[in-house]
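Below are the chains, spelled out letter by letter.
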Amino acid sequence: MSILTRRHLLRHAALSATAATPAGAVLGTAATGLGGCEPGDAEDHTATAPSAATRLHFPPDFGWGAATSAYQIEGAAKEDGRGESIWDTFSHTPGRIRNGDTGDVAADHYHRYADDLDLMRDLGLRSYRFSISWPRIQPDGTGAANQRGLDFYRRLVDGLHERGIAPMATLFHWDLPQALQDAGGWESRDVAYRFADYADIVFAALGERVPVWLTINEPKTVVQNGYLFGHHAPGHRDPDAAYLVAHHLQLAHGLAVRALRATGGTGRIGPAFNLHPCYPADDSPVDGSSPAAEAARLYDGYENRLYLDSALKGSYPADVLADLGPDSRMVRGIRDGDLEIISSPVDLLAVQYYTPIYVTSAGGTERRWPTSEAEWQQIYPDGMYDILTRVTRDYGPIPLTVTENGLPTPDVLAADGTVDDAGRVSFLRDHLAAAHRAVTDGVPLESFHVWSLLDNFEWAEGYDQRWGLIYVDYPTQRRVFKRSAHWYRQVIADNAL
Ligand code: GCO
């Protein structure tokens, strides 16, 4: 487990073994599905905005979206029978969250969801990704469903349909019921089975109305931030436990996929992984044998292949298992049949891209590009292209959706009532241009969700970072379209950049 000790406290420490590959040489296919591209689009390797003469048109049915998660926006922490989650406990523990912030009120979406639905309609969204709060459905993580919790999501889903917006529901975005944490949390294999029971309840209530399900949001972040570095709930620093948790999260994913299939419903389902292309810091070839390339490959195993290979190929990467060692809790915790469950066929893969990472020969990391307000995030749009093409190349033509991409900006509500987040506009334009280039090169990308719809509770950063297209004035809960929201609305209306 040597590499773990060399890890930096990166929010999304990650890499992939994908080098920056020239467009067109990646997939060797000519599939595009794009309508009306101007000649030369596919050759535009720059991260700059296209000129008016080279507009980038997206496929006609492209799923323009935005994403949120329950604990980050809902508030109403004690209402309608909701139980406690590990994020309630964690955020109420002094010193854990910047400024002592909690998700008790957040963006008050639980009460304002109808107005927020109208804002989504005004934005022109075609897809909305949200998460369901497990402790609203099963306050203690087991047993009978709390009808009032289910009713909230039923109203939300109905409201989306009424406005012509496709619901995309994440089953788990980190808010584990505290009672299950008390029973061992994700270190306990049993919690994976409790998750399948919870998923079953949700499928029975909403299965007919939700066309796309995502199982576990970013298992890697739970593993790293929750169990390696300890700056997310439950706040542990225990590498041996961390990778057992990884296995149980993957098992939970597979069990939920099977639970959906067992309902016989038509909904599609897949995992949501945060994947990050990473490169040898010495610029040596990614598939070469330089010390940096070799270090990068092992990082890639921990950051990407651990999740991708198990879910999509039915095996854990041999280099990671060898590095963990046969006595690790994870390796000892893998039982016969687990990988068949974990690799139960899925319908799509959700990719969340924020940052690349550069790995040194010593196994450390180097910063190459300017960061956003989030110090772990280097702004590198070509990384979007690299990770999308790499997934398609290595895992086949599984439909992809980008379920998160965005950045925090220092937004201020001006006296004239506007919020000028010019940095978000250029970030999104450049990343969408990179995604478009991937589609041009044959990547079956069907939708793109900005993180986030609204400013919200950014975990350990509390309300200090603003990630939304829509500004939230927390004292009044007033919502204001930022410049980026106006811009995104036009992109959606034009179906083009
Ligand atoms: C994640 C989560 C989001 C974050 C976002 C910005 O990717 O960590 O899905 O909840 O808020 O990524 O950090």
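For the structure, check the block above.
Cut-offs applied
Residues numbered from 1 in each chain as written. Predicted model: local features only at pLDDT ≥ 70, side-chain atom pairs only at ≥ 80, totals over all residues. Heavy atoms only, no water. Helix = DSSP H or I, 4+ residues; strand = E, 2+ residues; numbered from the N terminus. Buried < 20%, exposed > 50% of the residue type's maximum accessible area, 1.4 Å probe, protein only. Areas by Shrake-Rupley, 256 points an atom, 1.4 Å probe, with all protein chains shown as cover. Contact = heavy atoms within 4.5 Å. Pairing = 2+ DSSP bridges. Axes fitted to C-alpha atoms, helices over the stretch in contact; angles between N-to-C directions. Left-handed = near helix turned anticlockwise from the far one by under 90°. Nonpolar A, V, L, I, M, F, W, Y, C, P; charged D, E, K, R; others polar. Core = buried A, V, L, I, M, F, W, Y, C linked by side-chain atoms within 4.5 Å. Right-handed = clockwise from strand over helix to strand, strands pointing away. Phe/Tyr/Trp six-rings, centres within 6.5 Å; stacked < 30°, edge-to-face > 60°.

Visitor: Just checking my understanding: could you explain the overall build of the protein for this structure?
Guide: Across its full length, the protein carries 17 helices and 13 strands. Taken across its 497 residues, the protein has 64% of its residues classed as buried. Accessible surface, the protein as shown: approximately 16,700 Å² in total, 51% of it carbon and sulfur.

Visitor: Can you walk me through the side chain of Gln-181 in this structure?
Guide: One can find Gln-181 in helix α7 (residues 178-182). Once you skip the residues sitting within four places of it in the chain, Gln-181 turns out to touch Ile-86, Leu-176, Tyr-227, Pro-234 and His-236.

Visitor: For this particular structure, what's the right way to read the pairing of strand β3 (residues 166-172)?
Guide: When a strand is regular, its side chains alternate between the sheet's two faces. Most of β3 is tucked away: six of the seven residues are buried. As paired strands, strand β2 (residues 127-131) and β3 are joined by five bridges and run parallel to one another. Its bridge partner being in β3, Ser-127 is matched across the sheet by Ala-166.

Visitor: So what exactly am I meant to see when it comes to unusual backbone geometry here?
Guide: Trans is the common state for peptide bonds, and a negative phi is the common state for residues other than glycine. Cis geometry marks the peptide bond from Ala-233 to Pro-234, where omega comes out at 5°. Here the residue pair Trp-451 and Ser-452 is connected by a cis peptide bond, since its omega of 15° sits within 30 degrees of zero. Along the polypeptide, Ser-452 turns up in the loop between β11 (445-451) and β12 (470-473). The backbone of Asp-108 shows a phi angle near 55°, a positive value even though the residue is not glycine. With respect to the helices, strands and loops of the structure, Asp-108 is situated in the loop between α3 (86-91) and α4 (109-123).

Visitor: Explain the packing of helix α10 (residues 239-263) against helix α11 (residues 291-313) here, please?
Guide: Orientation of α10 relative to α11, taken along the N-to-C sense of each, is 35°, at an axis distance of 10 Å. Two packed elements cross with a definite hand, and for α10 against α11 that hand is right-handed. Together, Tyr-243, Ala-246, Gln-250 and His-253 of α10 and Tyr-302, Leu-306, Tyr-307, Ser-310 and Ala-311 of α11 make up the contact between the two elements. A per-class count over the contact of α10 with α11 returns six nonpolar, three polar and no charged.

Visitor: So what exactly am I meant to see when it comes to the nonpolar core here?
Guide: Note on soluble globular proteins: their nonpolar side chains tend to be buried together. Counting residues in hydrophobic clusters, the biggest one holds 136 residues, and the most contacted among them are Trp-186, Trp-213 and Leu-388. A per-element tally of this core places α10 first, with 13 residues. Not counting chain neighbours up to four residues away, the residues in contact with Trp-213 comprise Ile-132, Ala-169, Leu-171, Val-202, Phe-203, Leu-206, Gly-207, Leu-260, Arg-268, Ile-269 and Gly-270.

Visitor: Teacher, can you tell me more about the pairing of strand β10 (residues 400-404) here?
Guide: Counting buried positions along β10 gives five out of five residues, so the element sits mostly inside the fold. Summarising the sheet, β10 and β11 pair through three bridges and their orientation is parallel. Directly across from Val-402, in β11, lies its bridge partner Phe-448. At this point the chain moves from β10, through helix α16 (residues 422-440), to the parallel β11, and the crossover so formed is right-handed.

Visitor: How do you make sense of the packing of aromatic side chains when you look at a structure like this?
Guide: Two aromatic rings, taken as a pair, are described by how far apart their centres are and by the angle between their planes. If you walk through the whole model with that rule in mind, you get 36 aromatic pairs. A ring pair is formed by Tyr-71 and Trp-87, whose centres lie 6.3 Å apart and whose planes are at 40°; its orientation type is tilted. Taken together, the positions of Tyr-71 in helix α2 (residues 70-73) and Trp-87 in helix α3 put the pair 16 residues apart, joining distant regions of the chain. Judged by its relative accessible area of 1%, Trp-87 falls in the buried class. Between Tyr-128 and Phe-130, the aromatic rings sit 5.7 Å apart at their centres with planes inclined by 20°, giving stacked as the arrangement.

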